[in-house]
Amino acid sequence: MKATFCTRREICALFLFLTVFVLISVLRHMDILEFQPKFNSTIIMPRVSTHPNMIRSFCTFQPLSPEDALEERLILDSTAWPETPLLPAPISLEQTSDPAHSNFTILPGRKGGQWHVGDQLEVMIQTSDFQGRPKKSGGDFLLASLHNRKLEAGVAGQVVDHLNGSYSAVFSLLWEGDTQVEVILVHSGEAISVLNRLNREQPDRMYYKSLFRSGSLSETTLCNACLRPTQQPLCNYTDLRTGEPWFCYKPKSLSCDARINHFRAGSKANLLNANENKLFQSGVNLKVYIRASGPSSVSVLPQREGQLKEKSSTVTSGPSGYYYQGVWRALGGTTVRKFNASTISQCLKGKVVHMYGDSTIRQWFEFFDATLPGLKEFDLHSLRRTGPYMSLDYANNIFVTYRCHGPPIHYYPMSTRELRYIANELDDLVGGPNTVVVFGIWAHFGSFPMEIYIRRLQSIRRAVVGLLDRAPGTLVVIRTANPRYLDLFVSLINSDWYTLQRDKVLRAIFKGLNVHLIDAWEMTLAHHLPHNIHPLPPIIRNMINYLLSNICPQNGG
């Protein structure tokens, strides 16, 4: 039988790369090839941070260059939230923002009572307390959106805090027909003051553990980037390449090198007193709709001939896109096309797609795995939630991988061998025009001081810049954060307010780089489906279409 050989050098090279990659991964998971992330596992005594804004903290921060330190300061200043006047102790719910007593009013259009496509719709929101008295200070966290369920249309609004109890929500009118205004009070300003305090005083409220084992001896200890000072020495697992800090209390009978896994152990209880708990009541003052004082909808007429685009004096930026007939339409950039299984395969043919991050990125990997019939997952015997995963479509030379980011990570027991930092993974990539890098990192950082998140993103940015310098054809796509369902527990660990603040930081740090953002925040907020940390399938399909439209601008189906 006549052997078949590669006739194109590129195909042979890709096949060789995939073969070696799969072989190395299999050997690693069979413990034939030894690999260990590079950590400094020396024993140290705890030190309290001397960072000027973290005097009371026990978190450890890697040192910054003067440029990075200045950037951090500017970012912290730009994301500072309006302060709410201190309430007398104990806190009285009666003086806090109440969505039932608050309302919004649609303001008249500039041309009377008519609105046309291309106009701006402005809504005035007035918050009041539980006694019906108008609030005199700002700081509430509000979300606003426009929807037309029949047209499956929606767009996020821009909210402006006037710092006197009133807020403006500004919307771009982008489709004809009826449009319904929706305003949600996510948290009162008083609740946000509590969330702010928790991150200052209780950054270790989500806690982690590691198992240490040698022979028949085993011991479990607490681990964190923020470990409270005790007389117990620490094992220092700071990453030698990125400087990312991580520590465990040293086991009494084992060495630091005996650590074999990492897992989330739970969260602290009774973080708030009874009165503070009342600030986070579902159906009362936690993610509750605010009613209109008059009409809550308007009818939008077709765009007038020669009509100039209306600009708002209240906001300086518009939406990144909107839904129409259930399809996301990006504004000011990529034309989003619809893809099916066949056109996805055509788009990804000959490409390597590396995905890194939390479970919201894993959700994208799972979409590809379920959608593409030729894409077969290679069994690495990984834990279902933690990964890593890899899938190969041999016929189309498509290779897709997923790996979670390094700690803090809330997953259940995972081997320390699989604790990898995104920056290090990017530094090890060759890159090139057939390489796509996708990452998203936000959902596991809500309970930590913002400085930890800023420094993580700065290290990833350095790796992205290096990758694009050595392989300019590499496509880098970043998934932003999204709002989610909230209750008391989730609010204290991963509130939408924590998420929004980190989303602002991510956009600031990667601004100006040759990367593509998938705006998951607006794509979730503008959709009529309920918020979920893992957005529901119609939203995910739109995100994937957006991703693929960046990879293959001309290959829609």
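All values reported here derive from a predicted model rather than from experimental measurement. (Residues numbered from 1 in each chain as written. Predicted model: local features only at pLDDT ≥ 70, side-chain atom pairs only at ≥ 80, totals over all residues. Heavy atoms only, no water.)

Engineer: Quick rundown of the packing of aromatic side chains? Include the residues and the values.
Structural biologist: Following the criterion strictly, the structure yields 12 aromatic pairs and no others. With centroids separated by 4.9 Å and ring planes inclined at 70 degrees, the aromatic side chains of Tyr 323 and Trp 328 adopt a geometry described as edge-to-face. Of the residues examined, Tyr 323 reaches a relative accessible area of 1% and is grouped as buried. For Trp 328, a relative accessible area of 1% translates into the label buried. Put simply, the rings of Trp 81, Phe 141, Trp 497 and Tyr 498 touch in pairs and so form one group of aromatic residues. Geometry around Tyr 237 places Arg 259 over its ring, the cationic atom sitting 4.4 Å from the centre. (Phe/Tyr/Trp six-rings, centres within 6.5 Å; stacked < 30°, edge-to-face > 60°. Buried < 20%, exposed > 50% of the residue type's maximum accessible area, 1.4 Å probe, protein only. Lys NZ or Arg CZ within 6 Å of the ring centre and 35° of its normal.)

Engineer: Outline the side chain of Thr 79, supporting the account with residue identities and numerical values.
Structural biologist: Residue placement: Thr 79 occurs in the loop between helix 2 (66–78) and strand 3 (103–106). The exposure class of Thr 79 is buried, given its relative accessible area of 8%. There is a polar contact of 2.9 Å between the side chain of Thr 79 and the backbone oxygen of Ile 75. Dropping the residues within four chain positions of it, Thr 79 is found in contact with Gln 501, Lys 504 and Val 505. (Helix = DSSP H or I, 4+ residues; strand = E, 2+ residues; numbered from the N terminus. Polar contact = N/O pair within 3.5 Å; in protein donor to acceptor, adjacent residues only side chain to side chain. Contact = heavy atoms within 4.5 Å.)

Engineer: Outline the state of the cysteines, supporting the account with residue identities and numerical values.
Structural biologist: Tallied over the full model, the rule gives 4 disulfides. Between the sulfur atoms of Cys 59 and its disulfide partner Cys 226 the distance amounts to 2.0 Å. The sign of the S-S torsion, about 105 degrees, decides the handedness of the disulfide formed by Cys 59 and Cys 226: right-handed. With Cys 59 in the loop between strand 2 (43–44) and helix 2 and Cys 226 in the loop between strand 12 (217–224) and strand 13 (234–236), this pair connects stretches of sequence that are 167 residues apart. Note on accessibility: Cys 59 and Cys 226 belong to one class, buried. Between Cys 223 and Cys 248 runs a disulfide, and the two sulfur atoms are separated by 2.0 Å. Sign of the S-S torsion, about 105 degrees for the bond between Cys 223 and Cys 248, identifies this disulfide as right-handed. Of this pair, Cys 223 sits in strand 12 while Cys 248 sits in strand 15 (residues 247–249), and the two are 25 residues apart along the sequence. Each member of the pair, Cys 223 as well as Cys 248, carries the same accessibility label: buried. (Disulfide = S-S within 2.5 Å.)

Engineer: Quick one: what's the story with the pattern of salt bridges, residue by residue and with numbers?
Structural biologist: When charged atoms on two side chains of opposite charge get close, those side chains can pair. Counted under the stated rule, the structure contains 21 salt bridges. Measuring nitrogen to oxygen at the nearest pair gives 3.2 Å for the salt bridge that ties Arg 456 to Glu 244. Here Glu 244 lies in the loop between strand 14 (238–239) and strand 15 and Arg 456 lies in helix 8 (residues 450–470), a separation of 212 residues in the sequence. Across the pair, Glu 244 and Arg 456 agree in class, each one buried. Sharing partners across several salt bridges, the network here consists of Asp 68, Glu 71, Arg 461 and Arg 462. (Salt bridge = Lys/Arg side-chain N within 4 Å of Asp/Glu carboxyl O.)

Engineer: Account for the nonpolar core, naming residues and giving values.
Structural biologist: Residues Leu 426, Phe 439, Leu 457, Ile 460, Val 464 and Phe 510 are the most contacted members of the largest nonpolar core, which totals 51 residues. Ranked by the residues each element gives to this core, the list is headed by helix 8, at 10 residues. Those residues in contact with Leu 426 that lie beyond four places of it in its chain are Tyr 356, Val 437, Ile 460, Ala 463, Val 464, Leu 467 and Arg 470. Among the nonpolar cores identified, the runner-up in size contains 44 residues, and Trp 364, Tyr 402, Val 438 and Met 543 belong to it. (Core = buried A, V, L, I, M, F, W, Y, C linked by side-chain atoms within 4.5 Å.)

Engineer: Describe the environment of Leu 76, with residues and values.
Structural biologist: Relative to the assigned elements, Leu 76 resides in helix 2. Residue classification places Leu 76 among the buried positions, given a relative accessible area of 15%. Discounting chain neighbours no more than four positions away, the residues touching Leu 76 are Met 450, Glu 451 and Ile 454.

Engineer: Residue-level account of the side chain of Thr 96, with values.
Structural biologist: Examined against the element boundaries, Thr 96 turns out to sit in the loop between helix 2 and strand 3. In this structure Thr 96 touches Leu 87, Ser 128, Asp 129, Phe 130, Lys 135, Glu 190 and Leu 279, once residues within four positions along its chain are discounted.

Engineer: Quick rundown of the sheet that holds strand 27 (residues 475–479)? Include the residues and the values.
Structural biologist: What the 7 strands build is an open sheet, ordered 22-23-24-21-26-27-28; its pairing is mixed. Strands at the two margins of the open sheet, each flanked by one partner only, are strand 22 (376–378) and strand 28 (516–518). With strand direction ignored, the average angle separating the axes of adjacent strands in the sheet is 20 degrees. Two elements, strand 26 (residues 435–440) and strand 27, share 4 bridges in a ladder whose sense is parallel. Bridging from a neighbouring strand, Val 437 pairs with Val 476 of strand 27. (Pairing = 2+ DSSP bridges. Axes fitted to C-alpha atoms, helices over the stretch in contact; angles between N-to-C directions.)

Engineer: Residues and numbers for the packing of helix 2 against helix 8, please.
Structural biologist: With their axes 11 Å apart at the nearest point, helix 2 and helix 8 run at an angle of 130 degrees to one another. One finds that helix 2 runs oblique with respect to helix 8. As helix 2 runs across helix 8, the sense of the crossing is right-handed. Counting all contacts with helix 2, which are made through Asp 68, Glu 71, Glu 72, Ile 75 and Leu 76, the residues of helix 8 involved are Met 450, Glu 451, Ile 454, Arg 455, Gln 458, Arg 461 and Arg 462. (Parallel < 35°, antiparallel > 145°, perpendicular 65-115°, else oblique. Left-handed = near helix turned anticlockwise from the far one by under 90°.)

Engineer: Describe the pairing of strand 26, with residues and values.
Structural biologist: Extensive coverage of strand 26 is indicated by the burial of 6 of its 6 residues. Residue alternation in strand 26 divides its side chains into two sets, Thr 435, Val 437 and Phe 439 and Val 436, Val 438 and Gly 440, and both sets are buried. Here strand 21 (residues 352–357) runs beside strand 26; their pairing, made up of 6 bridges, is parallel. Bridged to Val 353 within strand 26 is Val 436. Between the parallel elements strand 26 and strand 27, the chain passes through helix 8 in a crossover that is right-handed. (Right-handed = clockwise from strand over helix to strand, strands pointing away.)

Purely geometric stuff here, so don't read any function into it on its own.
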